[in-house]
Structure formats: structure tokens, C-alpha cells
Amino acid sequence: MGNKILKKSEAFYDVFFRKPGDEKKSTTYCAGCGHGIIHKLIAEAITDLGMTEKTTFVSPVGCSVFAYYYFKTGNVEAAHGRAPAVATAVKRSHPDSYVICYQGDGDLAAIGTAEILHAANRGENITVIFVNNAIYGMTGGQMAPTSLLNQKTATSPFGRDEAEEGYPLRMSEIIATLDAPVLVARTSVHDIKNIMQTRKLIRKALNAQKDKKGFSFIEILSQCPTNWKVKPEDAQEWMEKNMLPYYKREVFKDILDQAAPVPHPKPRKEIAEIVELLALPEFKTRKDNGGETTLKTIRRETKFKIAGFGGQGVLSLGAFLCELAIVNHYHSTWIPSYGPEMRGGTANCSVILSPEEIASPVVQEIDILVAFNHPSLVKFHSNVKEEGLIFYNNSIINDLSEIMPYVRRKKIQLIGVDASNAADSLGDPRMVNVAMLGHMIKVYPYFQLQQADLLLEKKFSTKPRLVELNKQALRRGFEQDEMENIV
Amino acid sequence: MSHVVIKKELCKGCSFCIKACPKSVLSLSSDINNRGFNYAEYAGEGCTGCGFCFYSCPELDAIEVYS
């Protein structure tokens, strides 16, 4: 007989230094809890498969949250139920990592039902370990969606009644109906035979992920003697009597043989494809735009807030700015925010232009504020960064007293643009946003007037009168004297 | 020779290992450990090194099996 040693896996920390209290060698789990058994099976599998260094656990709320005390892997905590969404992000941004989503039933089958179904439906290449003990463990034994009929819990003291609380959810069966998952199975850890069965399934699921086969889901029926209010040694019997008749242990779906490797993450679209889709004029490079060489280059992420009332073209100005950025081979994001009114309500949009990919489209600190009316100027001016820039529509904004203290303190450059008057002089007040853009291009020369012309021609190709009007408005704004105010 | 090592201070006395052992060479102590649990004990002989006790133990480091 060869030497075989079974002992604590190397995938666990030697000392659980993250665990509070003095006992850093034992788990937080109650006597007879199934988590420890499952942890050991996973740890052994990732060690044997050589995955430990590249594995990230995503653990949400519940006793499963403690996985990060024990596993010497990457660990990410997720908000309650959101582990599959977080796991999706981790896996897609690190396609060569291995992601294990470790969730309990109160988490996965209640607050997280949406996340798990959609991650499964997308066929994310992750492994979900679903620990089902038919109760909320950590919070003190409340009824879970998986609690059995007639099961007495802290919140169903007379037993679960299907007329009031519905039937226990069979998550594996539900997920197995979806097309994308490649492996869906239910197993248990209530006795050694089933533990060894679970061991095999966990390995199979992790191997599937290694082979980029797609989404695997292992539901493990597990003991919670504390909240079942039985002794640990009676947990096996409790499970056999109550859980096993309702929750069938079987492999519900296994298409690993036919499954082709998942294509996630898909290669990014080329700028040329985006330009074509949006029917924008195409420039091969940033320089290839008509010979002008005075253009500045956007060197860092620049955040805009464009605000006014509905009908002033606030949102379309933001979108137009993004299109100018796209044809100049920059990255851009745009999020609109507006009230229910189509005209007359307030509207604003957040725009980010950047030479690099943009991580978040949210604009909190503003580099450049474009304000079309007084309330917008007042509302957003204090979010402008030190030495930032404010363009404001000085045709209708006369009173700057409210913003001046902040503007002076932060050394903000304040630029008045007679935009509404420019538009009115052309006989069309809708031109206010383009007039503003004309002046912005003058002060902020990252784009060319001619590029804007080309975009306008494409945009209004069926309305030549509007093209002319817009071009004129653009020039009225551009030719306006710089009115660097006051400061 | 195959044998099992039980770290008695880490044992919480759930007795899963005792149930899993095909040779019935594990039992629960009459003593209690520092944490207040009766703990699993190995009789000292009869272990075949099957590892069932290791896999059924919910503690990560309470049982080691040598074979």
C-alpha cells in the first residue's frame, strides 16, 4: 500500500487570520454543519486540478460569506443574492481565472433568483455551488424558499403552508430547463456515500469550467442541525426523512460531451464597425480629418455634464459630442437623465470622453459643465472640479451671484455663450445647442467644425434645410467673441 | 500502518466520522475538550485508511488519515 495522507488542504489558509476571536484554527460553522464538508471537497478538487492560484470565490450573504476566512484563493464578497452577477464580471474581465460562486439557498433561491437565472441563461463559464439546507442559517432559522411543506421555522411556527407561502423551490429542476447550462445536478452530503458522489460532481463541474464548457450548477443538500433543531447525529435522519423525498438527487442535465467552448468574452467591436452602424462619417485616424493640425488631443478621461430644460437639445448635444469623439477614435459614454415631460422639464446628460476604455459612465466630479438655464447652473456648479470649465447660456442666465463664491474659490473658468440669442437670430430657437457646440469647439479645440458639418449632413440627410440652419448656428457660436467673464 | 489522527481541540463532536467509519474504530469520548464538546477518539487499531472519516468531518483540520 502506497503512502496516502489525507489532511487539511493546501487551498486553505494555515491559520484563519481573517476570522475574529482567538480560535484561528477551527471554523465558524456549528457542529454538524455541511459547509465544512463541502469546503473540503472544493479545496481538494481545486488543489488536484491545479486551479488554486487562479481561483476566485464569490460569496454573498449567509454562512457562505465566510468562505474568505478559509480559502487561500481570490475572494470577492457580493451583496445578498448578487454573486452570479459579480462572478460574471470577474470571469469576463479575467477569462483565464476560475470562478466559483458559493451560495446558500436563502441567498440564491430568494433575493438572488433573478441573478442566478440570468447567469445560467447566459451560460457564463462559472461554477455555482448551491448549498441548500432548507432554511436561513446565519440569521436564525427563518423560512427559506426551499423550506419544506409543514417545516417549522422561526417565521413559520405552524409549519410552511403552501396556501400562504407557496411550494419549496426546486432550483436545479428550474435551471435544467434552460438551454445554456451544461451541467446541472443535485446531490447531498448527509452520508459518506453521498459525500463521495458530491466529490465527483464538484470535480466534474470544475473541469467543465477549465475546459471553458460553460455554466455548471451543483446543488448540494446540506445539514443545518442547529436551525433544524436536531442533534448533529440526528441530522442525517432528518434529511432522509424530510429533504430527500422532495429534493431528488440526480443529474438533471449533462451536455458536456456536446458543448463547444463558450465564446466569452467576445472580441470587442472595431471602431469602424461602430462608425458604420451609427452611419457616421469615417476618419481613418484622428489626424485624417481635413488637414487641420491645430486639434488638441484628449489625453485623459474628461467628464461633461450638460444640463438645461427639455427641448433645448441637452441630450442630443451630449450624444453629438460622443459621435464626434467616436469618429475621432476616442471612447465615449452617454447617460441621459430627464423627467417625464418631453418639453419643459429639466434634463441633463453625463458624457465621458477618453482615449482609454471607460470603466464607469457615472459623472460625479465634472470637468466641463454646460448649463443652458439658471437652475442647472446652480444645481451642478458645485460639482465642477478645481480649475474646471463652465459654459453657460448667457442669453438667459444673468444672475451669477449664487455661483461666484465657489467659482472663485475653485478657480473655475466661466464662459458665457450667447446661445439662445444666436438661435433666435436664425429664427429657430432649437438651434441653441448647436450654437453652444460651436463655441465649445472654439474654446475646447479637440474637434473640428468641418467634422461637425459632416456629422450634421449625415444626421439630417433627408432635411437639407436643417443641415444649413445647423451649420449656420454652429458658426454663430464659433465666431462669437470669447466672453471670459468676470472672475 | 494506517491510522487516523484526531485533533481533539478542533472537534465539535458531531459524530459524523463515527457514523462513516466502516470498521467502527472511532467513538465519542466521555471527556470533554476545552471548548466543551465530547470529541471523537480513535481506538488505536483497526483503521484501514479509507478516509471516510476525513471526508465526512465538517472541520477543515480536525482529522488526518495516514495510510
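For the structure itself, look to the data block above.
Residues numbered from 1 in each chain as written. Chains lettered and ligands numbered in written order. Predicted model: local features only at pLDDT ≥ 70, side-chain atom pairs only at ≥ 80, totals over all residues. Heavy atoms only, no water.

A. Structural detail: the overall build of chain B. Within chain B, the secondary structure is distributed over two helices and four strands. For chain B, the N- to C-terminal ordering of α and β elements is β-α-β-β-α-β. Taking 67 residues into account, the globule formula puts the C-alpha radius of gyration at 11 Å, and chain B, at 11 Å, falls close to it. C-alpha extents for chain B along the principal axes are approximately 30 × 20 × 20 Å. Contacts spanning at least 24 positions in sequence make up 58% of the contacts within chain B whose residues lie at least 6 apart. Across chain B, the 6 positively charged side chains and the 7 negatively charged ones have centroids separated by 6 Å. (Helix = DSSP H or I, 4+ residues; strand = E, 2+ residues; numbered from the N terminus. Rg over C-alpha atoms; globule rule 2.2 N^0.38 Å. Contact = heavy atoms within 4.5 Å. Lys, Arg positive; Asp, Glu negative; His and termini not counted. Charge placed at Lys NZ, Arg CZ, Asp CG, Glu CD.)

B. Fine view of the pairing of strand 4 (residues 98-104) of chain A. Residue and element names in this part refer to chain A. Counting buried positions over the seven residues of strand 4 gives seven, a clear majority of the element. Of the strand pairs in this sheet, strand 4 and strand 5 (residues 127-132) are connected by five bridges, and their pairing is parallel. Bridge pairing in strand 5 places C101 opposite V128. (Buried < 20%, exposed > 50% of the residue type's maximum accessible area, 1.4 Å probe, protein only. Pairing = 2+ DSSP bridges.)

C. Representation of the nonpolar core. Ranked by size, the top nonpolar core spans 67 residues in total, and within it I42 and I129 of chain A together with V4 and I63 of chain B carry the most contacts. In contact with I42 of chain A, other than residues within four places in its own chain, are F57, F71, I100, Y102, I129 and I202 of chain A. Formed by 49 residues, the second largest nonpolar core is a distinct cluster that contains I306, M431, A452 and L474 of chain A. (Core = buried A, V, L, I, M, F, W, Y, C linked by side-chain atoms within 4.5 Å.)

D. Quick peek at the interface of chain A and chain B. Facing the 35 residues of chain A at the interface are 25 residues of chain B. Approximately 2,700 Å² of surface area, both sides summed, lies buried where chain A meets chain B, with 61% of it carried by carbon and sulfur atoms. The tally of links from chain A across to chain B stands at one salt bridge. Salt-bridge contacts for E23 of chain A lead to R35 of chain B; the nearest nitrogen and oxygen are separated by 2.4 Å. Our count for the chain A to chain B interface comes out at 13 residue pairs in polar contact (both at pLDDT 80 or more). Put simply, the parts of the chain that give the side of chain A that touches chain B at least two residues each are strand 1 (5-6), helix 1 (34-48), helix 8 (192-210) and helix 10 (232-243) of chain A. It is helix 1 of chain A that contributes the most residues to the side of chain A that touches chain B, six residues altogether. For the side of chain A that touches chain B, the residue count by class is 16 nonpolar, 10 polar and nine charged. Bridging between strand 1 of chain A and strand 4 (residues 63-66) of chain B involves two bridges; their strand directions are antiparallel. Of the residues in strand 4 of chain B, the one forming a bridge with L6 of chain A is V65 of chain B. (Buried area = accessible area lost by both parts, 1.4 Å probe. Salt bridge = Lys/Arg side-chain N within 4 Å of Asp/Glu carboxyl O. Polar contact = N/O pair within 3.5 Å; in protein donor to acceptor, adjacent residues only side chain to side chain. Nonpolar A, V, L, I, M, F, W, Y, C, P; charged D, E, K, R; others polar.)

E. Representation of the pattern of salt bridges in the model. Residue and element names in this part refer to chain A. Going through the model one piece at a time under the given rule, you end up with 23 salt bridges over all chains. Note that K25 is salt-bridged to D14, the shortest N-O span being 3.7 Å. A residue pair is termed long-range when its members are at least 10 positions apart, and K25 in the loop between strand 1 and helix 1 and D14 in the loop between strand 1 and helix 1 qualify at 11 residues. The closest approach of N and O atoms between K303 and E301, which form a salt bridge, is 4.0 Å. Overall, E301 belongs to the partly exposed group, its relative accessible area being 29%.

F. Highlighting a negative patch on the surface. On the surface, D161, E162, E164 and E165 of chain A cluster together into a negatively charged patch. Along the chain, E164 of chain A falls in helix 6 (residues 162-165). (Patch = residues over 30% accessible without salt bridge, like charges linked within 9 Å, V, L, I, M, F, W, Y side chains within 5 Å. Areas by Shrake-Rupley, 256 points an atom, 1.4 Å probe, with all protein chains shown as cover.)

G. Summary view of the packing of helix 1 of chain A against helix 8 of chain A. Residues and elements named next belong to chain A. Packing of helix 1 against helix 8 brings their axes to within 9 Å, and their N-to-C directions diverge by 45 degrees. Considering their axes alone, helix 1 and helix 8 lie oblique with respect to each other. Our pair here, helix 1 against helix 8, has a crossing hand that is right-handed. Taking contact as the criterion, the partners of I37, L41, I42, E44, A45, I46 and D48 in helix 1 are, on helix 8, I195, T198, R199, I202, R203 and L206. Tallied by class, residues from the contact of helix 1 with helix 8 come to eight nonpolar, one polar and four charged. (Axes fitted to C-alpha atoms, helices over the stretch in contact; angles between N-to-C directions. Parallel < 35°, antiparallel > 145°, perpendicular 65-115°, else oblique. Left-handed = near helix turned anticlockwise from the far one by under 90°.)

H. Region of the structure containing the sheet that holds strand 9 (residues 302-309) of chain A. All names here are of chain A. What the six strands build is an open sheet, ordered 10-11-9-12-13-14; its pairing is mixed. The open sheet has two free edges, formed respectively by strand 10 (331-338) and strand 14 (413-417), since each of these has just one partner strand. Across the sheet, the axes of successive neighbouring strands diverge by a mean angle of 15 degrees, strand direction being ignored. Where helix 12 (residues 314-327) meets the sheet, its contacts fall on strand 9, strand 10, strand 11 (346-354) and strand 12 (366-371), and the angle it forms with strand 11 comes to roughly 10 degrees. Together, strand 9, strand 12, strand 13 (384-393) and strand 14 form the strand contacts of helix 16 (residues 432-443), whose direction differs from that of strand 13 by roughly 135 degrees.

I. Here's a closer look at the environment of L108 of chain A. With respect to the secondary-structure elements, L108 of chain A resides in helix 4 (residues 105-111). Through-space distance from the C-alpha of L108 of chain A to that of Y338 of chain A is 35 Å; in sequence the pair is 230 residues apart.

J. Representation of the packing of helix 3 (residues 83-93) of chain A against helix 5 (residues 113-122) of chain A within the structure. All names here are of chain A. Between helix 3 and helix 5, the least distance of the axes is 8 Å, while the angle of their chain directions is 35 degrees. Residues P84, A85, T88 and R92 of helix 3 form the contact with helix 5, whose own contacting residues are E115, I116, A119 and R122. Partitioned by chemical class, the residues of the contact of helix 3 with helix 5 number four nonpolar, one polar and three charged.

K. Inspection of the sheet that holds strand 6 (residues 183-188) of chain A at higher detail. All names here are of chain A. Read from one edge of the open sheet, seven strands run 3-2-4-5-7-6-8, paired in mixed fashion. The sheet is open, and its two borders are formed by strand 3 (74-77) and strand 8 (251-254), each paired with just one other strand. Taking the axes of each pair of neighbouring strands and ignoring which way they run, one obtains an average angle of 20 degrees across the sheet. With four bridges joining them, strand 2 (residues 55-59) and strand 4 adopt parallel strand pairing. Looking at the pairing, V58 lines up with C101 of strand 4. Contacting strand 2, strand 4, strand 5 and strand 7 (216-221), helix 1 runs over the sheet at an angle of about 175 degrees to strand 4.

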